[in-house]
Amino acid sequence: MAVTQWSAALGQWMLNRLEPERALHQRAALPRRLKTMVEDARAFAREVAPLVEHADRSHEESTPFAKEILARAGKRGLLTQFIPRWAGGDGWLRDTQRFGHLPMLEVIEALAETSPGLATLIGAHYLGAMPILLSFDLAQARRLLAPLCARSRQGEVAICAFAITEPEAGSDVEDEVGARTARLRTTARKVAGGYRLSGRKCFISGGNLAQLITVFATLDPQRGTQAWTCFAVRRDSPGVEISHVEDKMGQRVSPTAEILFDDVFVPETHRVGAECNGWRLNRLTLDTSRPLVGALALGGARRVLDHVLEHLHRRGDLGQRDVAHEVAELIGRYAAAHALTRRAAERFPPLPDLSAMAKFVATDTAMYIASRALDLVGVEAASASEVERLYRDIRLTQIYEGTNEINRFAVFERTVQGRPLSWPQFV
């Protein structure tokens, strides 16, 4: 009898654990420390929301607003929390080993709920630092990044930027599909004590604000990706010039610059990784960052969904069956894309195909949600509103980190073309 009662009690306990209301509030098993980081990021985003709005509506350069946000972010630890302690930051390597880049994904998504442009402004710093960290030269990483971390904590604007895109080399240099025929025009030639860099990089997020820029150049244009090499270039080096800052449709709080390199001397100690290892570093960096871009887009889409539900509730339209179906469709698409980005971010090292799919599925889904939101909310959203700004911000996520078209082609080529048709083994 006692056994029967114990079994019944155990069964009831397990049934209680399966209540839908409990499941709705359960997130990934991140420790309290990491969950607090996400809540801090969300609170910070709300705090600087007026600056984001001013930057978006400014008819002049938005850089002053970006500088103020970065200064505040540095003091709050948002620019050092994912730099490992061995490189001068506040992050723990064991978190990456256990959770992959899921904590960073959660923080980026939390920032993007207020502004995808804000998430890009802060995320671009980590993108710029990533080749240095992924080269796993611990001494170099500490030498290059620790001073930036220290200055950032003091409220100075001390960030990194990632420079690969050129006027004649865009998404085709961000995946092997196009890189086979693409040619970098930025060159590096060996000289005594280091290298001389010459060329032009464009559409560099945070390029006009960064103190350290990871630049990809070729040692021999005829050798294609086999000659790519990465360099950490200080922005104040002689020969580095910010030629102009782009006037963008969206994400205006995150400045995007064109940078000229005129025979810039780079010491050998600032070469990131081995000579001709640049392509590998580029691929590993982008495979890591693409799920984060997906989360960035979905953060904006989540805020759009909130606006739609609030508006439809005020208007009394949620009782209409066609509206209910439409809203359920948007929520379902969001949930599916969200699960895919989290799955991709948990993998370390990243899986290239899974990262590419997470990027194009999530950003296309976010754009679909934003577009349908304009239809559902109507003229109110088409005017100067937060939904309208989020729509413009989300659009860029389909373009950077490799356009969605080239990401799709890369997935097809690596998983289907030239192979027996079978479901890829990564889900």
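Structure: above.
Bear in mind that the values here come from a model prediction, so they are computed numbers and not experimental data. (Residues numbered from 1 in each chain as written. Predicted model: local features only at pLDDT ≥ 70, side-chain atom pairs only at ≥ 80, totals over all residues. Heavy atoms only, no water.)

Undergrad: Would you mind going over a nonpolar patch on the surface with me for this structure?
TA: Judged by side-chain polarity, Phe136, Leu138 and Phe348 come together as a nonpolar surface patch covering roughly 290 Å² of accessible area. By secondary structure assignment, the location of phenylalanine 348 is in the loop between α12 (321–346) and α13 (352–377). For phenylalanine 348, a relative accessible area of 34% puts it in the partly exposed group. (Patch = residues over 30% accessible without salt bridge, like charges linked within 9 Å, V, L, I, M, F, W, Y side chains within 5 Å. Areas by Shrake-Rupley, 256 points an atom, 1.4 Å probe, with all protein chains shown as cover. Salt bridge = Lys/Arg side-chain N within 4 Å of Asp/Glu carboxyl O. Helix = DSSP H or I, 4+ residues; strand = E, 2+ residues; numbered from the N terminus. Buried < 20%, exposed > 50% of the residue type's maximum accessible area, 1.4 Å probe, protein only.)

Undergrad: Help me understand unusual backbone geometry in this model?
TA: Trans peptide bonds make up the majority, and among non-glycine residues the majority have a negative phi. The peptide bond linking phenylalanine 348 to proline 349 adopts the cis configuration, its omega dihedral lying at 0°. Examined against the element boundaries, proline 349 turns out to sit in the loop between α12 and α13. You will see that phenylalanine 203, though not glycine, has its phi angle at about 55°, which is positive. Mapped onto the elements of the fold, phenylalanine 203 is located in strand β3 (residues 194–205). Looking at phenylalanine 203, the relative accessible area reads 52%, which means it is exposed. If you check the backbone angles, glutamate 401 has positive phi at about 60° while not being a glycine. Within the fold, glutamate 401 resides in the loop between α15 (386–395) and α16 (404–415).

Undergrad: How should the state of the cysteines be read in this particular structure?
TA: Here, disulfide denotes a covalent bond that connects the sulfur atoms of two cysteines. This structure, assessed with the given rule, holds 0 disulfides. With no disulfide of its own, cysteine 149 lies closest to cysteine 160 among cysteine sulfurs, the gap being 8.1 Å. (Disulfide = S-S within 2.5 Å.)

Undergrad: Could you clarify how one ought to interpret the side chain of threonine 229 in this entry?
TA: You can see threonine 229 is positioned in strand β5 (residues 228–234). Judged by its relative accessible area of 0%, threonine 229 falls in the buried class. One polar contact links the side chain of threonine 229 to the main-chain carbonyl oxygen of alanine 227, over a distance of 3.4 Å. Sequence-distant contacts of threonine 229, that is, excluding residues within four places in its chain, are made with Val215, Phe216, Ala217, Leu219, Arg271, Ala274, Glu275, Cys276 and Gly278. (Polar contact = N/O pair within 3.5 Å; in protein donor to acceptor, adjacent residues only side chain to side chain. Contact = heavy atoms within 4.5 Å.)

Undergrad: Just to check I follow, could you spell out the side chain of asparagine 208 for this structure?
TA: Tracing the backbone shows asparagine 208 in the loop between β3 and β4 (212–218). If near-sequence neighbours (up to four positions away) are discounted, asparagine 208 is found in contact with Glu61, Thr63, Arg235, Ile242, Val245, Pro255 and Ala257.

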